[in-house]
Amino acid sequence: MAASFGKIVIGIYVEIKRSDGRIHQAMVTSLNEDNESVTVEWIENGDTKGKEIDLESIFALNPDIAPEDEIAPSPETPPPPTPSSMKVNKIAKNRRTVVPTKNETPSRDNRVGSTRARPSQLPEPAPPQPTAQQTAQQLQNARRKSNCVKEVEKLQEKRERRRLQQQELREKRAQEVDTTNPNYEIMYMIRDFRASLDYRPLTTADLIEEHRICVCVRKRPLNKKEMTMKDLDVITIPSKDVVMVHEPKQKVDLTRYLENQTFRFDYAFDDSTTNEMVYRFTARPLVETIFEKGMATCFAYGQTGSGKTHVSFFELTDLFLDVNPFSA
């Protein structure tokens, strides 16, 4: 490692200054010797962020980790020159430097100046031994590093696990692809969506609610022509009063997705409901109202071939024979 990095090692926490002026700690993740900078990372609002900072900025905020030969006192503003000092400088400029003789002892300032002029003669200082406080700080930094690394590893494991699950799901679907069906992708989307629903269909145990106006809908199964053309069943009835329509859509990048629209009615009957069940919740309350000298109207609405006649006329001959004494 280059000596210019001082005591900076990967994993320690240093103080950094953000562009908005904030100062906080961040962990050193890499040392860049080519441009004399370090890369740091920190966690902010649940996200891991990083930044590359030059060594001068690091040492300015963290002088305790700077190299020994680069630690310099902060520059201070020199006092304004006085007239006497100006005069002394002027006099010193005109005077000549006198070399002291052998018997004369050089002044302290001269000794210091000569020492600074030849730094190669100075002995190299011994590296400072870490104190107990520094050791405890390093252990604490190691713990912080391990916690941060653990969080990053957890995120990576979750991401890899999710990718593997998606890959397995794609492979499974690729094996089950029906090449004869041009809409197999939408069909699998509808199937997956239905698998996540909680079905609560209408049953005979449900109470018949009183309505002044009752609007019901019944889903019909696909006919032979639609099955031959490989049409999709895009209607789902998860509960007794909800109808869902699955509408295939396409994004700008040609990605296909499913838009599920929900509609609510008084009663919703799926394609497995019998005519007796439909009569129980729709026509039977109207018949009772008529026998109570009331007025009632029932009409079926739907396109041609949707099953209006199939729903309206079914085997209720015995019922009409019982209620109509003039039919015999």
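This text goes with the structure placed above it.
Residues numbered from 1 in each chain as written. Predicted model: local features only at pLDDT ≥ 70, side-chain atom pairs only at ≥ 80, totals over all residues. Heavy atoms only, no water.

So, the sheet that holds strand β7 (residues 242-250)
So, step 1. On the basis of which strands lie adjacent, the open sheet formed by three strands has the order β6-β7-β8 and antiparallel pairing. Looking at strand neighbours, the two that pair on one side only are β6 (235-239) and β8 (256-264), the edges of this open sheet. Looking at each pair of strands side by side, their axes are set apart by 30 degrees on average, direction ignored.
So, step 2. Along the sheet, helix α5 (residues 184-195) contacts β6, β7 and β8; its crossing angle with β8, the most-contacted strand, is approximately 45 degrees. (Pairing = 2+ DSSP bridges. Helix = DSSP H or I, 4+ residues; strand = E, 2+ residues; numbered from the N terminus. Axes fitted to C-alpha atoms, helices over the stretch in contact; angles between N-to-C directions. Contact = heavy atoms within 4.5 Å.)

Here we look at the pattern of salt bridges
So, step 1. The final tally for this structure, using the stated rule, is 12 salt bridges.
So, step 2. In this structure, the salt-bridge partner of Lys219 is Asp233, at a minimum N-O distance of 2.9 Å. Here Asp233 lies in the loop between α6 (224-228) and β6 and Lys219 lies in the loop between β5 (216-218) and α6, a separation of 14 residues in the sequence.
So, step 3. A residue is classified by how much of its surface remains accessible, and Asp233, at 26% relative accessible area, is partly exposed.
So, step 4. We note a salt bridge from Arg220 to Glu226, for which the minimum N-O separation is 2.9 Å.
So, step 5. When its relative accessible area of 18% is taken as the criterion, Glu226 is described as buried.
So, step 6. Among the charged side chains, a network of salt bridges with common partners joins Arg18, Asp20, Arg22, Glu44 and Lys49. (Salt bridge = Lys/Arg side-chain N within 4 Å of Asp/Glu carboxyl O. Buried < 20%, exposed > 50% of the residue type's maximum accessible area, 1.4 Å probe, protein only.)

Quick notes on a positive patch on the surface
So, step 1. Together, Lys150, Lys154, Lys158, Arg159, Arg161 and Arg162 give the surface a local cluster of positive charge.
So, step 2. Secondary-structure assignment places Arg161 in helix α4 (residues 132-175). (Patch = residues over 30% accessible without salt bridge, like charges linked within 9 Å, V, L, I, M, F, W, Y side chains within 5 Å. Areas by Shrake-Rupley, 256 points an atom, 1.4 Å probe, with all protein chains shown as cover. Lys, Arg positive; Asp, Glu negative; His and termini not counted. Charge placed at Lys NZ, Arg CZ, Asp CG, Glu CD.)

Some thoughts on the sheet that holds strand β1 (residues 13-17)
So, step 1. One open sheet holds the four strands; their spatial order is β1-β2-β3-β4, and the pairing between them is antiparallel. Strands at the two margins of the open sheet, each flanked by one partner only, are β1 and β4 (47-54). Ignoring strand direction, the axes of neighbouring strands in this sheet form an average angle of 45 degrees.
So, step 2. Here five bridges tie β1 to strand β2 (residues 23-32), and the two strands are oriented antiparallel to one another. Across the sheet, Val14 pairs through a bridge with Ala26, a residue of β2.

Details of α5
So, step 1. With 12 residues, α5 ought to run about 16 Å at 1.5 Å a step, and its terminal C-alpha atoms sit 16 Å apart, in line with that.
So, step 2. Those residues of α5 that fall on the buried side of the exposure criterion are Ile186, Tyr188 and Ile190. (Expected span 1.5 Å × (residues − 1).)

Comments concerning the packing of aromatic side chains
So, step 1. Using the criterion set out here, one finds two aromatic pairs in the structure.
So, step 2. Here a set of aromatic residues connected by ring pairs shows up, and it is made of Tyr267, Phe269 and Phe281.
So, step 3. The ring centre of Tyr257 lies 5.8 Å from the NZ or CZ of Lys251, which sits over that ring.
So, step 4. The ring of Phe281 has Arg280 sitting right over it, with the charged end atom 5.6 Å from the ring centre. (Phe/Tyr/Trp six-rings, centres within 6.5 Å; stacked < 30°, edge-to-face > 60°. Lys NZ or Arg CZ within 6 Å of the ring centre and 35° of its normal.)

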